[in-house]
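Residues per chain are reported as follows:
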Amino acid sequence: MWGTVDPAAAPARTPTEPPMTKTDLAARPPPLTRPAAAGAPVPDPTVAAEVEPRVDPGLTRDAARQATLQYGGEAATADLLAAAATQGAALKNVAQALGAALTQLEAGGRPGQVLARLKAAQGGVALLPAGADLSSLRGLTARLAGARHPEIRAAATALGVTLAKADAPRVLAELGNSDLVEALIAGTPDPAKVKGMLTTFYPGATALGTTQANLRAELDLDLAQGGIGRELQEILERNGIPAHLSEAVMGMMAEVRAGFRAGTTASELSPADRDMQRTNWVHTRVEVLKAARAFDVGVPRPRSIEGMQARARMMTAALMGSLCSDAFKDATPHSLLWHNRAGAELVLPLLAGRHMDLATPEAQEILQTAKKLAHEHQITPALFMSGAMGGQLAAAKVPEAVAKEITGKLADPLGAPQEGGEIVFSPEARARMEAIGVPGWATMDPKSPHFVASQVVALADVLQYAAPDGLIKIAVDIRDPEQPMPFMRDANIKAAVGSSVGFSLVKGLEAIVDPAMKAIGEAEGDLMNASLVGKLYPEVERRLAAALGLPEGAALPVVPYWNADVPTDGKLTDAERDSVKLVKATLRDVLAEAGGVPMDPFGANKE
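Heads up: these notes are all about the structure in this document.

1. Observations concerning the nonpolar core
Next, step 1: Judged by nonpolar contacts, the single largest core of 141 residues is most densely connected at Tyr202, Leu346, Met389 and Trp441.
Next, step 2: Those residues in contact with Tyr202, other than ones at most four positions away along the chain, are Val171, Met197, Glu255, Val256, Gly259, Ala327, Phe328, Val347, Leu350, Leu351 and Arg354.
Next, step 3: Leu91, Leu118, Leu128 and Leu140 belong to the second largest nonpolar core, which has 23 residues in total.

2. Considering unusual backbone geometry
Among all residues save glycine, negative phi is the norm, and among peptide bonds the norm is trans.
Next, step 1: A cis geometry characterises the amide bond from Thr380 onward to Pro381, with omega recorded as -20 degrees.
Next, step 2: Tracing the chain through its elements places Pro381 in the loop between α17 (361-376) and α18 (382-395).
Next, step 3: One non-glycine residue with positive phi stands out, namely Lys397, at about 55 degrees.
Next, step 4: You can see Lys397 is positioned in the loop between α18 and α19 (400-411).
Next, step 5: Phi is positive for Tyr561, which is not a glycine, with a value near 85 degrees.
Next, step 6: Assignment of secondary structure puts Tyr561 in the loop between α24 (515-547) and α25 (574-595).

3. Considering the packing of aromatic side chains
Next, step 1: Enumeration according to the criterion identifies six aromatic pairs in this entry.
Next, step 2: Ring centres of Phe201 and Tyr202 lie 6.1 Å apart, and the angle between their planes is 70 degrees; this geometry places the pair in the edge-to-face category. Neither Phe201 nor Tyr202 differs from the other in exposure class; each is buried.
Next, step 3: Between Phe201 and Phe328, the aromatic rings sit 6.1 Å apart at their centres with planes inclined by 55 degrees, giving tilted as the arrangement. With Phe201 in helix α10 (residues 191-201) and Phe328 in the loop between α15 (305-325) and α16 (333-355), this residue pair connects regions lying 127 residues apart in the sequence. Considered together, Phe201 and Phe328 belong to a single accessibility category, that of buried residues.
Next, step 4: The rings of Phe201, Tyr202, Phe328 and Trp338 are connected pair by pair, giving a single aromatic cluster.

4. Some words on the side chain of Asp273
Next, step 1: Position of Asp273 among the secondary structure elements: in helix α14 (residues 271-298).
Next, step 2: When neighbours within four sequence positions are excluded, Asp273 is seen to be in contact with Lys193, Asp330, Ala331 and Thr332.

5. Some details on helix α7 (residues 135-144)
Next, step 1: Burial analysis of α7 places nine of its 10 residues in the buried class, the great majority of the element.
Next, step 2: Ser135, Ser136, Leu137, Arg138, Gly139, Leu140, Thr141, Arg143 and Leu144 are the residues of α7 that are buried.

6. What about the packing of α14 against helix α22 (residues 468-478)?
Next, step 1: Viewed as axis vectors pointing N to C, α14 and α22 meet at an angle of 155 degrees, and their least axial separation amounts to 8 Å. One finds that α14 runs roughly antiparallel with respect to α22. The chirality of how α14 crosses α22 is left-handed. When α14 is examined against α22, the residues Arg278, Thr279, Val282, His283 and Val286 are found in contact with a partner set consisting of Asp469, Lys473 and Asp477.
Next, step 2: By residue class, the composition of the contact of α14 with α22 is two nonpolar, two polar and four charged.

Procedures and definitions
Each chain has its residues counted from 1, running along the sequence as written. Predicted model: local features are reported for residues with pLDDT of at least 70 only, side-chain atom pairs are reported and counted for 80 or more only, and whole-chain, interface and lining totals are derived from all residues. To get the side-chain values, take all heavy atoms of the structure and skip hydrogens and water. Side-chain atoms within 4.5 Å link the members of a nonpolar core, which is a set of buried Ala, Val, Leu, Ile, Met, Phe, Trp, Tyr and Cys residues. Exposure is judged per residue with a 1.4 Å probe applied to protein chains only, and the accessible area is read against the type maximum: over 50% gives exposed, under 20% gives buried, and values in between give partly exposed. Should any heavy atoms of two residues lie within 4.5 Å, those residues are counted as being in contact. Helix and strand assignments come from DSSP, with helices taken as H or I runs of at least 4 residues and strands as E runs of at least 2, each series counted from the N terminus. Pairs were defined over the aromatic rings of Phe, Tyr and Trp, the Trp ring being its six-membered one, requiring ring centres within 6.5 Å. Orientation was assigned from the angle between planes: stacked under 30 degrees, edge-to-face over 60, tilted for the rest. In this analysis, axes come from line fits to C-alpha atoms, helices being fitted only over the stretch in contact, and the angle between any two N-to-C directions falls in the range 0 to 180 degrees. Every angle not falling under 35 degrees, over 145, or within 65 to 115 is termed oblique; those three ranges are roughly parallel, roughly antiparallel and roughly perpendicular. In this scheme the crossing of two helices becomes right-handed for a clockwise turn of the near helix relative to the far one and left-handed for an anticlockwise turn of less than a right angle. Side-chain classes follow a simple rule in which Ala, Val, Leu, Ile, Met, Phe, Trp, Tyr, Cys and Pro form the nonpolar group, Asp, Glu, Lys and Arg form the charged group, and the remainder, Gly included, forms the polar group.

Written as structure tokens, this is what we have:
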């Protein structure tokens, strides 16, 4: 279940104040009352007092009281009553059905009763008027989807998908530049999936059944593990980031975390896609910190006030670019090649508009710079990205000469011809890339004013390969002897680790040419290699011996995938597969403990 916020934190309302706006509602915690478990529901006096001044004048006080009495204080929120008054009876009927379902669920009612209400709500969705604000409906549905009863959870999840599809125009409209956004999405292999993911991940706090304050509270608890939150705040303060920009960064981070959490249960995604959202967050939470560290120690501080202010804006853009660079991914090869564009053009503007006043020049400068940084971070590791592109081009039967042009330029992104931060391709090469859903390839321009910040964001992404969270992501979660993509298979887990801290880090650092950033990356790689040999691998061996029941100090026998290779042709025996699982789990636990990595950041959402 989502966390709660003390109602006392909400601003007081008096009967003379105007009805709450959508913005007000998004910032206000929902009422926290519940009806009695037995007998007729009794409204909480505080909630009843709140309902009257907040209801639209078109809905009478008697109707508000009646709805509260019938459906309970929490279920019949004033949000729903006000929306029903302005958007018609169909919305009111669905809201009341969902309210009754939640009331019955929280009062311990029979599952059949809850399911009947959900069925009624599902049927009523088809009658909703076009353009209706579905945030409150989605919020209630999200809370019902957290039920323990599997049938209730399944029914609420299905309803949530229906509402997400119906709510897509609102989320897309919030982005602005609708023609450009539609064109970007239309060029992907599965536009419907992209729209579904965007609407599921980033509909706004209310539509996720919570508030911005709750999302931030959950983020703070998450970042307490490993001390990330404390260190990040210290760096922001030390670098003179103004409070409003610091809060914008943290607010956007809270929404990205909520987006990944929503993705872990999104029914339109495959199981691999859903679990990747957990993996993405484990990586993202520390990548932002690494970007802050690199900017803090590697970017010089000007002496003038104006220079420091400009540096603070650039650092804010770097953190936002780093945060959103990987904020829209699934487990497909296309997503690997395209997600930076989605992060820059879909996620960043959406979240920035919720946490900054984009009418100000300052916010526009930060947003536009952050978008460029998110685009450009994906040049690393260049050889890896070139190989991934080559695989997609081969599958599309692209002529060899054209494929070589594309992969050759991706392999040398800083040396390739560029214009406006985009690599220049021949017309045929560009057409072939567009045909597989990749409209171009961003790169860095050493002459651009944001070049060092771009190096910071790329370095923060590369440093995952030399950090406990990143090694878990690469060596445990992604690489596997039976991975569908052959180039991500390994005969033993040390090779998988080597592909991260040995190959990907070293190759990734080839695109990091700023001396200060290069030094930071090399130092972290050396530190991780020393830690693996001197501490982490010996601890893995000790735990494997204990798991096998060996006496203290006994030599470790053959353990497939640890000290003996396994096949990488997808033909493992059951015993080999069990050994792979044991070795992965052991290394994962050792790395997680060493790095303070939360392996279940969303509370047992991984199924």
